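Understanding the architecture of this molecule
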Amino acid sequence: MARNLWIGKPGLLREISQAARSWDRSAELNMTEFRSLEGRVTAIAPARTTRRLKLSWEWLEPADAQHLTRLARRVNGPGMLGRNVYAGGAVAVLDPASVNLLDPLQAAGQSERSNGGDHWFTISGTMVISPFIGDAVLGDCRDEATAIGWRHGSWAGWPVMPGMQVSWMLPPDWNAGLSQAQLDWKDIDGQYLSSTATAGPVTTGLAPEGAAYVTPVGRPGATGMTALAGACLTVGEPPVAFALGDGCPAMAVTAFTDAPATRLPYRSISLDLVEVLGAAL
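Residues numbered from 1 in each chain as written. Predicted model: local features only at pLDDT ≥ 70, side-chain atom pairs only at ≥ 80, totals over all residues. Heavy atoms only, no water.

**A look at the pairing of strand β11 (residues 138-141)**
Spelled out, the test is: Exposure classes here rest on a 1.4 Å probe applied to the protein chains alone. A residue is buried below 20% of its type maximum, exposed above 50%, and partly exposed in between. Only DSSP runs of H or I with at least four residues qualify as helices, and only runs of E with at least two residues qualify as strands; both kinds are numbered from the N terminus onward. In this analysis, strands are considered paired if DSSP registers two or more bridges between them.
Side chains Gly139 and Cys141 project from β11 onto a buried face, and the interleaved Leu138 and Asp140 project onto a face without burial. Judged from the three bridges that link them, strand β10 (residues 127-129) and β11 form a sheet pairing that is antiparallel. Across the sheet, the residue bridging to Ile129 is Gly139, located in β11. Across four bridges, β11 lies against strand β19 (residues 224-227) in antiparallel orientation. Paired with Leu138 across the bridge in β19 is Ala227.

Put into structure tokens, the structure is as follows:
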């Protein structure tokens, strides 16, 4: 995965090269226990777990510290794409410990909707997502020219910066001799810029100038039923089939500390972030 942490608003990610002093990326399980008078325990938990990140740095470079401070305090600054816009909203985080930027259910070929509309969409041709079969969904490709895109839950694609090396692996069930892996690059407004495509199940490309998002695309190249589990999207590392999806969710800063280091202008910074559907801050 990406060797360093990338954090910021989509289109304005910044690489934090200094390793964090402490780093907790535990998911919030939201498990609730009910104990009966007889002592029996009933456990209830939602279907999804929420990502949380807790990061802290000592002696952080001033420019990096200012970037994190702006995110926490929702203050616009240099490099805001020439837009006088409110600086609130969700933050994108490319976690260097993630091995697959797809949503966990998406990587596993699962969906909270019977039609899979939360994770996949048809770009051209026809593919019908079937209801659950076991714990996964299947796609019925009815046109050899079909192209299907993987959908990010919050943005027009997965946030990237120009020059990033992105790799994309199709579900292993797809025919390697007929399928084509493709990366669609988009600007900050979600408008299409260009594509990187390779015959076969894996493609790697560099984000072009002006790219703020990437959408992974697959062309099965044949009709019939095909599985959607096992795909993998990575930055800077080779993709691995059936890797756990860590996601690249929209996050909000929920806690922030800023203390001057013993040698100015360095700073000691800590951030707490939580996965959100939206950040109306």
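**A short note on unusual backbone geometry**
Cis geometry is found at the peptide bond from Leu264 to Pro265, where omega equals 10°. Structurally, Pro265 can be placed in the loop between β21 (250-260) and β22 (267-275). Despite not being glycine, Trp59 has its phi angle at roughly 55°, a positive value. Mapped onto the fold, Trp59 is located in strand β7 (residues 50-60). Relative accessible area serves as the criterion here: at 35%, Trp59 is assigned to the partly exposed category. At Phe242, a position not held by glycine, the phi torsion is positive, near 65°. Tracing the sequence through the fold places Phe242 in the loop between β20 (232-235) and β21.

**Some thoughts on the pattern of salt bridges**
Heads up, the rule is: Salt bridge criterion: a side-chain nitrogen from Lys or Arg within 4 Å of a carboxyl oxygen from Asp or Glu.
Evaluation of the coordinates by the stated rule reveals seven salt bridges. Where Asp95 meets Arg25, a salt bridge forms, and the shortest distance between an N and an O atom there is 2.7 Å. Here Arg25 lies in the loop between β3 (22-24) and β4 (27-28) and Asp95 lies in the loop between β8 (91-94) and α2 (104-107), a separation of 70 residues in the sequence. With relative accessibility at 2%, the residue Asp95 sits in the buried group. Arg25 gets classed as partly exposed once you look at its relative accessible area, which sits at 27%. The closest approach of N and O atoms between Arg142 and Asp140, which form a salt bridge, is 3.1 Å. Linked by salt bridges that have partners in common, Arg25, Arg51, Asp95 and Asp246 make up one network.

**Describing the sheet that holds strand β14 (residues 165-169)**
Paired through their backbone hydrogen bonds, the strands of a sheet run either parallel or antiparallel. The following threshold applies: Every angle, taken between N-to-C directions, lies between 0 and 180 degrees, and every axis is a line fitted to C-alpha atoms, over only the stretch in contact when it is a helix.
Taken in spatial order, the three strands make up an open sheet running β17-β14-β20, and their pairing is antiparallel. Lying at the two open borders of the sheet, with one neighbouring strand each, are β17 (202-206) and β20. Direction aside, the axes of adjacent strands within the sheet are offset by 15° on average. Here four bridges tie β14 to β20, and the two strands are oriented antiparallel to one another. From the neighbouring strand, Val166 faces β20, where its bridge partner is Val235.

What is shown is where atoms sit, not what they do.
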